[in-house]
Amino acid sequence: MLGVGQILLMLRHAPFPSSHGRFQCSPIWLLHTRQKSSGGSRPKKKVYHRVSDLDRVMELRKKPSLILELSSIIQSHKTQSLLLRDLEKNVGFVRKWDFMALIERYPTIFRVSGSPPSVSLTLKAQSVAQEEAQAKALMEPLLVNNLRKLLMLSVDCRVPLQTLEFVGPELGLPCDFRESLVPKYPHFFSVKRVAGKDCLELEDWDSSLAVTAREARLAQEGVLSANQSGVRIKVRISKDGNYMGPFAFKMNFPPGFRPNVSYLENLERWQRMDFPSPYLNARRLDPTAPETRKRAVAVIHELLSLTMEKRMTSAQLDAFQAECRLPSKLLLCLIKHHGIFYLTNKGVRSTVFLKDAYLGSNLIDKCPLLRFNDKFVALSGRTNMDLCNSNSSIGAIV
């Protein structure tokens with residue numbers, strides 16, 4: 001019969017099965033166990049390195065989200081006001097108290113008057129709220145292009161409407177996009193019944209849209225144009241994992257992570273390796289090939305790039321597994337490539353961030369709707385900072 005020490009030793013050397021049927025090292029959040037010895041130092045524990053700036057994003061979004069939600073509820077009524085006694089009907093008994101505290105805390109946005117008392121927007125808030133229509137008008141062409149790109153990423157150029165409704169808020173789609181947006185563009189979209197599900201299907205493939213956000217950034221930096229012109233650039237992998245090549249991803253390792261030479265050498269080989277475009281039909285590819293596995297990382301990168309805040313919950317990302325042929329063990333893929341993605345458990349649900357889209361806790365590139373949201377929330381006294389052209393991290397203040 002095996003002793004405890006022998007069992008622990010066996011577990012320590014047991015390989016971890018990968019999503020492709022092979023074996024690899026244990027994921028980084030698992031701790032190595034070791035049989036006690038009479039001498040020597042204890043092994044270091046392998047931990048998942050936190051990124052406090054991105055964890056902080058989830059905290060900073062709580063109050064602005066409540067402000068925008070209450071404003072939307074108020075404006076949805078014909079009278080542009082809401083009786084306080086009816087607040088519970090709209091948000092529920094528990095959340096009602098959060099909104100009551102919000103109304104009391106931000107008199108520059110919300111005004112209580114009348115008998116029975118009702119809440120409405122202040123004159124200043126109403127003035128800013130009128131700009132929302134213009135922001136939504138500017139958003140529409142972006143939404144149409146992003147929706148077309150999303151359908152082009154799927155193997156059949158179609159996605160169930162249920163999935164789109166699930167991720168709609170992150171994409172910036174209006175709640176009634178099926179009635180208000182899709183019928184306006186019959187040359188781009190159609191709704192068809194497939195396998196018992198209503199699906200949005202692409203009507204027109206546009207090769208000019210089949211360019212990923214990663215490729216657009218490299219072209220802007222001159223990496224792709226230099227490569228295509230035949231000019232060979234002598235490059236070397238840096239300690240932060242970044243490599244100037246046409247198939248490289250921007251790396252941003254978490255604080256405290258110190259890769260060794262072997263890790264950087266393997267990463268350089270991976271950064272150099274070419275891979276098929278995420279917009280190429282995945283049915284033609286060998287799922288076990290290293291290039292295909294790297295392509296899956298590019299697909300996740302592009303999916304997150306299509307969202308307004310360059311993040312999705314892990315459940316929303318997993319909803320595209322079948323349509324976009326994502327890895328079956330998606331969590332392990334995200335953890336393995338922690339220089340590209342960040343998974344946080346802050347908030348109600350776990351959320352996946354695209355790291356290169358953020359500078360500290362701030363989103364670098366904001367769409368018109370997010371810029372409007374910032375302007376409206378700024379009425380509460382929250383500092384509104386546009387970091388699109390900034391080279392330094394500035395913390396947002398609530």
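Right, let's walk through the structure included here.

Thresholds applied
Residues numbered from 1 in each chain as written. Predicted model: local features only at pLDDT ≥ 70, side-chain atom pairs only at ≥ 80, totals over all residues. Heavy atoms only, no water. Core = buried A, V, L, I, M, F, W, Y, C linked by side-chain atoms within 4.5 Å. Buried < 20%, exposed > 50% of the residue type's maximum accessible area, 1.4 Å probe, protein only. Contact = heavy atoms within 4.5 Å. Helix = DSSP H or I, 4+ residues; strand = E, 2+ residues; numbered from the N terminus. Patch = residues over 30% accessible without salt bridge, like charges linked within 9 Å, V, L, I, M, F, W, Y side chains within 5 Å. Areas by Shrake-Rupley, 256 points an atom, 1.4 Å probe, with all protein chains shown as cover. Salt bridge = Lys/Arg side-chain N within 4 Å of Asp/Glu carboxyl O. Pairing = 2+ DSSP bridges. Axes fitted to C-alpha atoms, helices over the stretch in contact; angles between N-to-C directions.

We now examine the nonpolar core. The biggest cluster of nonpolar side chains holds 94 residues, and the ones touching the most others in it are Phe110, Phe189, Ile300, Leu303, Phe320, Phe341 and Phe376. For Phe341, the contacting residues outside a window of four places in its chain are Val297, Ile300, His301, Leu304, Leu334, Val352, Phe353, Leu354 and Lys355.

A word on unusual backbone geometry. Trans peptide bonds make up most of the peptide bonds, and negative phi angles are found at most residues other than glycine. Cis rather than trans, the peptide bond between Ser115 and Pro116 has omega equal to 0°. Phi is positive for Cys157, which is not a glycine, with a value near 55°. Mapped onto the elements of the fold, Cys157 is located in the loop between helix H7 (132–153) and strand S6 (158–160). For Cys157, a relative accessible area of 19% gives the class buried.

This part is about a nonpolar patch on the surface. Nonpolar side chains collect at one region of the surface, where Phe93, Val94 and Trp97 lie side by side and expose about 370 Å² of accessible area between them. With respect to the element layout, Trp97 can be found in helix H5 (residues 93–105).

Take the sheet that holds strand S4 (residues 110–113) next. One key point about sheets: their strands pair by backbone hydrogen bonds, in either a parallel or an antiparallel sense. Ordered in space as S3-S5-S4, the three strands form an open sheet in which the pairing is antiparallel. Both edges of this open sheet fall to strand S3 (81–83) and S4, since each of them pairs with a single strand only. Neighbour-to-neighbour, the strand axes of the sheet open up by a mean angle of 25°, direction not taken into account. Contacts from helix H3 (residues 62–75) reach S3, S4 and strand S5 (118–121) within the one sheet, and its direction differs from that of S5 by about 105°.

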